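Structure at a glance
One-letter residues, chain by chain:
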Amino acid sequence: MEWLNILIQGSLLGGIYALFAIGLSMSFGIMRLVNIAHGDFIVLSAYVALVVTQGTGLDPISSLIIVVPVMFVVGYAIQRGLLNHTLSGGLLPPLLVTFGISVIIQNGLLAGFGAYTQRLHEGAIETASVQIFGGISIGVYPLVVFAVAVFAIASLQLLFYRTGLGRAFRAVSDDADTAELMGIDNRKLYALALGIAMIFTAIAGVLFAIRTIFDPAAGPIRLILAFEAVIIGGLGNMWGTLIGGVVLGVAQAVGAALSPTWQILAGHIAFLVILIVRPSGLFPRTRD
Amino acid sequence: MEPERVERGTKASRTFTVVAAPALAALVALPWWGDAGWMRLIAEMAYYLALAQLWNLLAGYAGLVSVGQQAYVGLGGYALFYLTGAQNMNVYLALAIAGPFAGLIAIPVSFAVFRLRGAYFAVGTWVMSEVFALSASLIAVLGAGSGLSLTPAILRQISPDRGSRDAILYLMSLAISVVVCAIVYLLLRSRHGLALTAIRDSEPASASLGVNTFRTKFIIYVATAACTGLIGALIFLQKLRISPEAGFSINDWTVVVIFMVVIGGIGTIEGPFIGMLVYITLRELLADYGTIYLILMGMIAIAVMLKAPSGIWGWVVQRYDLQLFPVGRRLVLAPPTPPQTSER
Amino acid sequence: MSLLATNNLSAFYGDFQALFDINVSVAQGETVAIIGANGAGKTTFLRAVAGALSTKPEMVMFDGRPIGHLTPHEVVRLGIAMVPEGRRLFPSLSVEENLLLGGHSERKGPWNLKRVYELFPRLRELRHLPAPALSGGQQQMAAIGRALMANPRLLLCDELSLGLAPVVIRDIYQCLGAVTAEGITVVLVEQDINRALDASVRFYCFQEGRLALSAPTKNFDRSAITAAYFGL
């Protein structure tokens, strides 16, 4: 039963990792852009929520009403104002510009909030648990997070495959040049894409900050976890990313069971093993 | 008739050599006319310059944009501390081993990360560095989370008194910096450098011409790791303490280095010099204002990437066609033969 | 007044000059052909008109407006659509999704999904298949349909016959004839000279980025074309 428990806890952990990964996956899929500042945007969302909850007295999940639009605008503006200008220069400009953004966000947060660790408080749900079969109890909160991840991916699939906007996203992802010749305004579309990605990044940021302490330097590890989930699952496949998150979560749970300090390292090792043995991931779909 | 010839030097580079030599001599003589504070600053500039040249070689020439070089700084540092501490090895011998040790670790690392391309490669190298940092924090003999310190006995192996020890450490930093710059310069001047530039410009095209792209990139990656490891060992020899956070700090060893190369001019040898000077100047000027200089450097790096992607030096080259470290070759054509007298 | 007119159109790829002072004009309702060898600049010309290549504004005039500096999507909105060389259908999209995407700019006009399927009945049967599953000729029809969905006033066709069997090419040009009968203006780039001349009223011959010959196609001497084509 011990192993089943680890499997379940680890799988639920995969939910938050999949949520981390959605924004990264979107910006790579549509703009071919790996956003080095992605993890920092997750943390930035948490800080925005902190400010909103302290200012309005709202609980963190309700604060999403404000945090989500704010982060959407941030994403739209950054893509439109900065990142759109890096897309034609090859590999280095987008990577180095997002790297610069990462450093600016981290140090800006440090200057604004100090290095103290923070947490968002949602109340009873954080520790509530339900008993399921075999004497195993699972936390309500991780279950909720996993459900949010599934819902998020499902709604994105709906967007991509059932709407005109999604059709435009897929066309631009296939062939940006021809898409423009068909009347698509690529620049606006990319900005919209990052804006939408930020919606999910904001949700991920708030949800993670309720259970985990964070500080201005918490971004990079989030980027790495998101990245590992995407690579394990396989590029270009959102449901694959969910599975990637689950694999990562389970690996971490196994590591944590051996010793709590081994948790993150165990995840890295699982990632490296998959990278060496099956470099295109478990369920790859994309032509890169 | 004068034959065509291939010219390597430029007028500017010849002038530069004449100016640089006495400057270098002055720096070497610093222990005799300067104080410990100056030596520390110049030593720091020296090893940052070396790290920047190496990152430039990797990213600007070989096209391997690594955000994980801090792994080798930490590996070199930890190798030195472990060998001199737990293994009681002589400090100079440990220094000699630290570099190759880092290079050796780079071999299996490359098997993993070379499977990734572009920005994914970058994040992959970062993950590797995190793996090393986490591992170091879990291994007891490496001091786990709190790290290791150098004992006075180890320091005395360099020299029994403080003054000459500072001088020796300073001269070693200067030496490694000069050596790294020389190696990079000579490498880029050679046909291997030409191969690198070709790979950077177009991997498929250069492969079709017979350049073994994988082997070239592999050798550059491992060699750079070894040099970075040696520099890491020297850095921490002077810092006297190492911990997982400090040894594998992306902020200290990678962020700053990347900014230097980008702002100075990626893909040029002169660029890292300029970038390093910009960084040190900014840092010293803004030291009282906390990490604001990092925010400023971030903004400058972004502006450079958007407006002048070849950096400050790249801009200079475009405006003035100047090269202080010429790595190219120019074909000097024979002057046109004067026309023969008319045939008619 | 001509619908499309280029004034001393010169175009560059970086430092390389691909077009030298091209003067082309196309009246409303005409079908004009552009012929020339590989590398003559024909596709470059179309890309310049479509906005994919930026030029000085007055170098390309559409309906009296300078458009040389506009982006491709702005040009589509004005009423110019492209059938790109090699079809360039979107592989992740089904046939119908490709067609719907052509209508992204939401220009008003006679063309819609139903009419495109009337013109190309075979496409209706294949409409849910992913675009790469179609044969070359079917893909070409889909590419033309996709361009028509933008309700253009000017249709740019780049190498319709590329890689297709003669009987398929014949069908495609028959369909094109049905389209032009409705009054749409067409600029046709073709390597197959006979097809190009049969389908057009006037033609231009490019040679290494320059205009070598322009004339009405009716009764034109083919040997003169050969000379211009190869720069003899």
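Whatever comes next refers back to the structure up there.
Residues numbered from 1 in each chain as written. Chains lettered and ligands numbered in written order. Predicted model: local features only at pLDDT ≥ 70, side-chain atom pairs only at ≥ 80, totals over all residues.

1. Things to note about the overall build of chain C
Inclusion rule: Secondary structure elements are defined from DSSP: runs of H or I of at least 4 residues count as helices, runs of E of at least 2 residues count as strands, and each element is numbered from the N terminus. To get the radius of gyration, use the C-alpha atoms; to get the globule rule, take the number of residues to the power 0.38 and multiply by 2.2 Å. Backbone-placed C-beta atoms define the burial measure: a residue is buried with 20 or more other C-beta atoms within 10 Å of its own, exposed with 12 or fewer, and partly exposed in between.
Scanning chain C for helices and strands turns up nine helices and twelve strands. Computed over its C-alpha atoms, the radius of gyration of chain C comes to 17 Å, within 12% of the 17 Å expected for a compact globule of 232 residues. Projected onto its principal axes, the C-alpha coordinates of chain C cover approximately 50 × 35 × 35 Å. Counting every position in chain C, which comprises 232 residues, the buried fraction comes to 49%.

2. Brief notes about the interface of chain B and chain A
Put simply, the rule is: Residues are scored as being in contact if the C-beta atoms we place from backbone atoms lie within 7 Å. Three categories are distinguished: nonpolar for Ala, Val, Leu, Ile, Met, Phe, Trp, Tyr, Cys and Pro, charged for Asp, Glu, Lys and Arg, and polar for the others, with Gly belonging to the last.
With 33 residues of chain B at the interface, the matching set in chain A holds 32 residues. Counting residues per element, the ones that place at least two in the side of chain B that touches chain A are α5 (91–113), α6 (118–138), α13 (250–264) and α15 (292–307) of chain B. Element by element, the count of residues in the side of chain B that touches chain A is highest for α6(B), at twelve residues. Of the residues belonging to the side of chain B that touches chain A, the class tally is 26 nonpolar, five polar and two charged.

3. Looking at the arrangement of the chains
Where two pairs of chains are in contact, the pair with the most contacts is made of chains A and B. Chain B makes no contact with chain C; the smallest distance between any of their C-alpha atoms is 15 Å.

4. Digging into helix α11 (residues 263–277) of chain A
Keep this limit in mind: Multiplying 1.5 Å by the helix residue count minus one yields the expected span of that helix.
Taking 1.5 Å per residue, 15 residues should reach 21 Å; α11(A) reaches 22 Å between its end C-alpha atoms and fits that length. Every buried residue of α11(A) is listed here: L265(A), A266(A), G267(A), H268(A), A270(A), F271(A), L272(A), I274(A) and L275(A). Residues of α11(A) that are buried make contact with α9 (219–233) and α10 (238–258) of chain A together with α5 and α6 of chain B.

5. Considerations on the packing of helix α3 (residues 60–81) of chain A against helix α8 (residues 186–211) of chain A
All names here are of chain A. For the record, the criterion: Note on definitions: angles span 0 to 180 degrees between N-to-C directions of axes, and those axes are lines fitted to C-alpha atoms, for helices only across the stretch in contact. Crossings are classed by handedness, with left-handed meaning an anticlockwise turn of the near helix from the far one by less than a right angle and right-handed meaning a clockwise turn.
One way to put it is that α3 packs onto α8 with a least axis distance of 7 Å and a crossing angle of 145°. Viewed along their axes, α3 and α8 form a crossing whose handedness is right-handed. In terms of residue class, the contact of α3 with α8 is made up of 21 nonpolar, five polar and two charged.

6. Focus on the pairing of strand β11 (residues 202–207) of chain C
Residues and elements named next belong to chain C. To keep things clear, this is the line we draw: Pairs of strands are assigned from DSSP output, requiring at least two bridges between the strands.
Among the six residues in β11, five count as buried, and that is most of the element. Pairing of β11 with strand β12 (residues 210–216) involves six bridges; the strand directions are antiparallel. Across the sheet, residue Q207 finds its bridge partner in β12, namely R210. Hairpin remark: β11 followed by β12, antiparallel, with two residues in the connecting loop; positive phi at E208, about 50°.

7. Observations concerning the sheet that holds strand β7 (residues 65–66) of chain C
Residues and elements named next belong to chain C. What the four strands build is an open sheet, ordered β4-β1-β6-β7; its pairing is antiparallel. Both outer strands of the open sheet, β4 (25–26) and β7, are each paired with one neighbouring strand and no more. As defined by bridge partners, strand β1 (residues 4–6) adjoins strand β6 (residues 60–62) across three bridges and the pair is classed as antiparallel. Within β6, the residue paired with T6 across the bridge is V60.

8. Examining unusual backbone geometry
All names here are of chain C. The residue D63 is not glycine, and still its phi comes out positive at about 55°. As for its placement among the helices and strands, D63 is situated in the loop between β6 and β7. Of note, N151 is a non-glycine position whose phi angle comes to about 45°, a positive value. Mapping N151 onto the fold places it in the loop between α6 (136–148) and β9 (154–158).

9. Let's talk about the nonpolar core
Buried together is how nonpolar side chains tend to be arranged in soluble globular proteins. Rules: To form a nonpolar core, buried Ala, Val, Leu, Ile, Met, Phe, Trp, Tyr and Cys residues must be joined through C-beta atoms within 7 Å.
Grouped together as the largest cluster of nonpolar side chains are 284 residues, with contacts concentrated most on L19(A), A193(A), I203(A), V206(A) and L156(C). The element contributing the most residues to this core is α8(A), with 19 residues. Ignoring sequence-local partners within four residues, the contact set of I203(A) consists of L19(A), L64(A), V68(A), V148(A) and A152(A).

10. With respect to the pairing of strand β8 (residues 80–83) of chain C
Every other side chain in a regular strand lies on the same face of the sheet, so the side chains alternate between the two faces. Residue and element names in this part refer to chain C. What you see with β8 is no split at all: I80 and M82 on one side and A81 and V83 on the other are buried throughout. Pairing of β8 with β9 involves four bridges; the strand directions are parallel. Paired with M82 across the two strands is L156, which belongs to β9.

11. Digging into the packing of helix α4 (residues 92–113) of chain A against α15(B)
Cut-off, in case you're wondering: We call two directions roughly parallel when the angle between them is under 35 degrees, roughly antiparallel when it is over 145, roughly perpendicular when it lies between 65 and 115, and oblique otherwise.
Between α4(A) and α15(B), whose axes approach to 8 Å, the crossing angle comes to 160°. When the axis of α4(A) is compared with that of α15(B), the two are roughly antiparallel. Handedness of the α4(A)/α15(B) crossing: left-handed. Listed contacts from α15(B) to P93(A), L96(A), V97(A), G100(A), V103(A), I104(A), N107(A), G108(A) and A111(A) of α4(A) are I292(B), L294(B), I295(B), G298(B), M299(B), A301(B), I302(B), M305(B) and L306(B). By residue class, the composition of the contact of α4(A) with α15(B) is 14 nonpolar, four polar and no charged.

12. Looking at the interface of chain C and chain A
Tallying the contact residues gives 22 residues for chain C and 13 residues for chain A. Looking at the side of chain C that touches chain A, the elements with two or more residues in it are α2 (72–78) and α3 (95–102) of chain C. Among the residues forming the side of chain C that touches chain A, the class breakdown is twelve nonpolar, six polar and four charged.

13. Concerning α5(B)
One turn of the α-helix equals 3.6 residues, which is why residues spaced by three or four share an orientation. Formally: The angle between axes fitted to the seven residues ending at a residue and the seven residues starting there is what we call the bend at that residue.
The first and last C-alpha atoms of α5(B) sit 32 Å apart over 23 residues, in line with the 33 Å expected at 1.5 Å per residue. By the largest-angle criterion, I107(B) marks the main kink of α5(B), which is about 30°, and a proline, P108(B), follows within four residues.

In short, the description is geometric, and any link to function would need to be established separately.
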